[in-house]
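As a plain string of letters, each chain reads:
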Amino acid sequence: LARHLQKEAQSQHNNSEFTEDQKKTIGKIATCLELRSAALQSTQSQDEFKLEDLKKLEPILKNILTYNKEFPFDVQPVPLRKILAPGEEEHLEFEEDDEEGGAGAGSPNSFPARVPGTLLPRLPSEPGMTLLTINIEKIGLKDAGQCIDPYITVSVKDLNGIDLTPVQDTPVALRKEDTYVHFNVDIEIQKHIERLTKGAAIFFEFKHYKPKKRFTSTKCFAFMEMDEIKPGAIVIELYKKPTDFKRKKLQLLTKKPLYLHLHQTLHKE
């Protein structure tokens, strides 16, 4: 919801039904949603942005066209960075990753934090059915140290590129080291393996923030097909964007041996 509100808040004047003031309010609501999301995923005991706070925003959102009072929280809208809904950056004008010559190498601390991940819990087990947990360990990239706020979007698609499960985003990477971006995060696939259609694949889109263009961009992607689902470590190749969910025109990202490192765990009742 934060992303969709932010997208509306950043839309050009002639493409929007909202006034500039209303868009500012929408942007502030998006910020509050991100704060609540961060509070929910924080391991600290104190809730920085409580549910009661979030509830104060409901009447504002419902009456956005007529709301003209002061906003209840001292927050700034977040138009600085464009957070796009999963897969949405593919509809932007296609732009090659130019060698940015270290444009992203500034202090990452000078950028506001991205909304943390949207990971989902493991499904309940069912007799005779198998669930899959994928640990995303790390990804190898020649310019790993220059990626700002890198994260991975995980989706399960059929042969036509249609989603078979909800799309999940990892939190921003733990650390960058040499030619690796480290995640060490578990993804719970939201469907029993036996219920996935023939020819389905699990996609991993590596995304990072581009300060020059002020939006989050897909840098490369990888995918795993059903016959690759087996317990233990697996290393999969990286392909050039845009993400080809139909797997028709695949181009390796580079001739160098760079991979996405995963570890699979199968749970069967």
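Everything below is about the structure printed above this text.
Source: prediction; values computed, not measured. (Residues numbered from 1 in each chain as written. Predicted model: local features only at pLDDT ≥ 70, side-chain atom pairs only at ≥ 80, totals over all residues. Heavy atoms only, no water.)

K.L.:
Help me understand the side chain of aspartate 244 in this model?
P.N.:
With respect to the helices and strands, aspartate 244 occurs in the loop between strand S9 (239-240) and strand S10 (259-268). Buried charged residue aspartate 244 carries no salt bridge. Nearest counter-charge: lysine 248, at 7.1 Å. A polar contact of 2.7 Å, which involves the side chain of aspartate 244, links it to the backbone nitrogen of lysine 248. Not counting the four nearest positions on each side in its chain, aspartate 244 is found in contact with Phe203, Phe221, Lys249 and Leu250. (Helix = DSSP H or I, 4+ residues; strand = E, 2+ residues; numbered from the N terminus. Buried < 20%, exposed > 50% of the residue type's maximum accessible area, 1.4 Å probe, protein only. Lys, Arg positive; Asp, Glu negative; His and termini not counted. Salt bridge = Lys/Arg side-chain N within 4 Å of Asp/Glu carboxyl O. Polar contact = N/O pair within 3.5 Å; in protein donor to acceptor, adjacent residues only side chain to side chain. Contact = heavy atoms within 4.5 Å.)

K.L.:
What should I look at first to understand the nonpolar core in this one?
P.N.:
For soluble globular proteins, the rule of thumb is that nonpolar side chains tend to be buried together. Counting residues in each nonpolar core, the largest one holds 33 residues, and the members touching the most others are Ile136, Ile202, Phe204 and Leu260. At the level of elements, strand S1 (130-140), strand S2 (148-157), strand S5 (180-188), strand S6 (201-210), strand S7 (215-225), strand S8 (232-237) and S10 are the ones that each hand at least two residues to this core. For isoleucine 136, the residues in contact, after removing those within four places along its chain, are Ile152, Val154, Thr170, Phe183, Asn184, Val185, Ile187, Phe204, Leu260, His261 and Leu262. Counting 17 residues, the second-largest nonpolar core is a separate cluster that includes Phe18, Leu57, Ile60 and Phe73. (Core = buried A, V, L, I, M, F, W, Y, C linked by side-chain atoms within 4.5 Å.)

K.L.:
Hey, could you run me through the sheet that holds S5 in this one?
P.N.:
Adjacent strands of a sheet form backbone hydrogen bonds with each other and so pair up, either parallel or antiparallel. As summarised here, the arrangement of the 5 strands in space is S4-S5-S1-S10-S8, forming an open sheet in which the pairing is antiparallel. This sheet does not close on itself; its edge strands, each paired only once, are strand S4 (175-177) and S8. Pairs of neighbouring strands in the sheet enclose a mean axial angle of 25 degrees, with direction left out of account. Across 7 bridges, S1 lies against S5 in antiparallel orientation. Across the sheet, the residue bridging to asparagine 135 is aspartate 186, located in S5. (Pairing = 2+ DSSP bridges. Axes fitted to C-alpha atoms, helices over the stretch in contact; angles between N-to-C directions.)

K.L.:
Is there a simple way to explain the environment of proline 166 in this structure?
P.N.:
Its place among the elements puts proline 166 in the loop between S2 and strand S3 (168-169). Taking relative accessible area as the criterion, proline 166 reaches 43% and is therefore assigned partly exposed. C-alpha of proline 166 to C-alpha of threonine 118: the two residues are 48 residues apart in sequence and 10.0 Å apart in space. Those residues within four positions of proline 166 in sequence are excluded, and the remaining contacts are Leu120, Val154 and Gln190.

The analysis is restricted to geometry; functional conclusions fall outside its scope.
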